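Single-letter residue listing:
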Amino acid sequence: MVGDIETKQCQLKDAMDLFHSGQVVKICAPMVRYSKLAFRTLVRKYNCDLCYTPMIVAADFVRSTKARDSEFTTNKGDHPLIVQFAAKEAQVLCDAARIVCPFANGIDINCGCPQRWAMAEGYGACLINKPEIVQDMVRHVRNQIDNPRFTVSIKIRIHEDLKRTVDLCQKAEATGVSWITVHGRSVEERHQPVHYDAIKIIKQSMSIPIVANGDIKTLKDAENVHHLTGADGIMVARGLLANPAMFAGYEETPLKCIQDWVDIALEHGTPFTCFHHHLIYMMERITSKQEKKAFNVLSSTSAVLDYLKDHYCV
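Per an unreviewed UniProt entry, the chain goes by the name tRNA-dihydrouridine(20a/20b) synthase [NAD(P)+]-like and belongs to Psilopogon haemacephalus. What UniProt records for the chain under Cofactor (unreviewed entry) is the sentence "FMN". Listed in UniProt under the heading Function (unreviewed entry), the comment for the chain reads: "Catalyzes the synthesis of dihydrouridine, a modified base found in the D-loop of most tRNAs."

Written as structure tokens, this is what we have:
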């Protein structure tokens, strides 16, 4: 996991400094399977300020060395970094936070995942209806991690009744949460328009930083959402998958970015499926239907490299 890492706490960039810089903080979202070290390395080259790991189940992480080794990989260039945990028990979350504390800038509690399995286990979006559990988890980490620069944030979805969301956020703020990321949809909503007006109301009700999340696909979208909501940061998921250079102002993935991904993925030993899937996302907007058919069925790294060389001189 982290045995070869030289980085120590005192050398880590401070995540909170980003929110005090006067600039909108550009953030790579926690994405299952996708926001791993190699991809974080790529988006950092293209003006991404802050990266999250994929969601990690805290109980498994604490219990299993194997889970730790497979779920959390970092290096000295991978900062500022937030480790996102699915948790429902304060002490288990603290134990997980203590493990990652020397190697990350903070943790985030997932209170927004709407997937059935997560909610059935008491994780994710069901926590927006349990503010006392959220408060307890934040309070425990605050009390037990003795690094005052180590951040504790939460990522939420909104309630149909927005007063309940504002109440949740204010309770979390009172307990010492560093910032809150708001995905502007309810648990039931999937592809409906994002309620940016709700994010604006939450922002106006809080004195800690608020991050806006949902349907942001270009740098212009990010700027528009900032103006609509007043949010201190913009978190992007699928928009960055489709164009990892988005925060640098590119409208579509530049060939240089594809070359960078190939170099980084090979250097990190990225498994073929992940390597290939990222390229499928990145090339979605720049390939014809026929090219997609040919590219999507390639089944080895060498075949992908040959294709890129033949078609794009990459």
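From this point, the narrative continues.
Caption draft 1: Fine view of helix α13 (residues 272-283). For α13, which comprises twelve residues, the first-to-last C-alpha distance of 16 Å matches the rise-based estimate of 16 Å (1.5 Å per residue) to within 8%. Turning to α13, its buried residues number three or more, namely C274, F275, H276, H278, L279, M282 and M283. Looking at the buried residues of α13, the elements they touch are α2 (37-44), α11 (238-242), α12 (255-268), α14 (289-296) and α15 (301-312).

Caption draft 2: Spatial organisation of the domain arrangement of the chain. Each assigned domain of the chain is listed with its residue range as follows: domain 1 (15-245) and domain 2 (255-312). Distance between the C-alpha centres of domain 1 and domain 2: 29 Å. If you look at the interface, domain 1 gives 16 residues, while domain 2 gives 13 residues. With both chains or domains summed, domain 1 and domain 2 bury close to 1,300 Å², and 66% of this area falls on carbon and sulfur atoms.

Caption draft 3: Summary view of the side chain of S35. Residue placement: S35 occurs in the loop between β1 (25-28) and α2. Classification of S35 by relative accessible area gives buried; the value is 0%. Looking at S35, its side chain comes within polar contact range of the main-chain nitrogen of M31, at 2.8 Å. Not counting chain neighbours up to four residues away, the residues in contact with S35 comprise C28, A29, P30, R40, Y52, T53 and P54.

Caption draft 4: Examining the packing of aromatic side chains more closely. Evaluated as defined, the whole model comprises seven aromatic pairs. Where F39 meets W261, the ring centres are 6.4 Å apart and the plane angle is 75 degrees; that geometry is what we call edge-to-face. Of the two residues, F39 sits in helix α2 while W261 sits in helix α12, which places them 222 residues apart along the sequence. A residue is classified by how much of its surface remains accessible, and F39, at 1% relative accessible area, is buried. Ring pairs connect the aromatic residues F61, F72 and F85, which therefore count as one cluster. In this arrangement the basic side chain of K88 is found over the ring face of Y123, its NZ or CZ atom lying 5.4 Å from the centre.

Definitions and limits used
- Residues numbered from 1 in each chain as written.
- Predicted model: local features only at pLDDT ≥ 70, side-chain atom pairs only at ≥ 80, totals over all residues.
- Heavy atoms only, no water.
- UniProt positions renumbered as here; feature names shortened; annotations may be inferred.
- Helix = DSSP H or I, 4+ residues; strand = E, 2+ residues; numbered from the N terminus.
- Expected span 1.5 Å × (residues − 1).
- Buried < 20%, exposed > 50% of the residue type's maximum accessible area, 1.4 Å probe, protein only.
- Contact = heavy atoms within 4.5 Å.
- Domains from an automatic or database assignment.
- Buried area = accessible area lost by both parts, 1.4 Å probe.
- Polar contact = N/O pair within 3.5 Å; in protein donor to acceptor, adjacent residues only side chain to side chain.
- Phe/Tyr/Trp six-rings, centres within 6.5 Å; stacked < 30°, edge-to-face > 60°.
- Lys NZ or Arg CZ within 6 Å of the ring centre and 35° of its normal.

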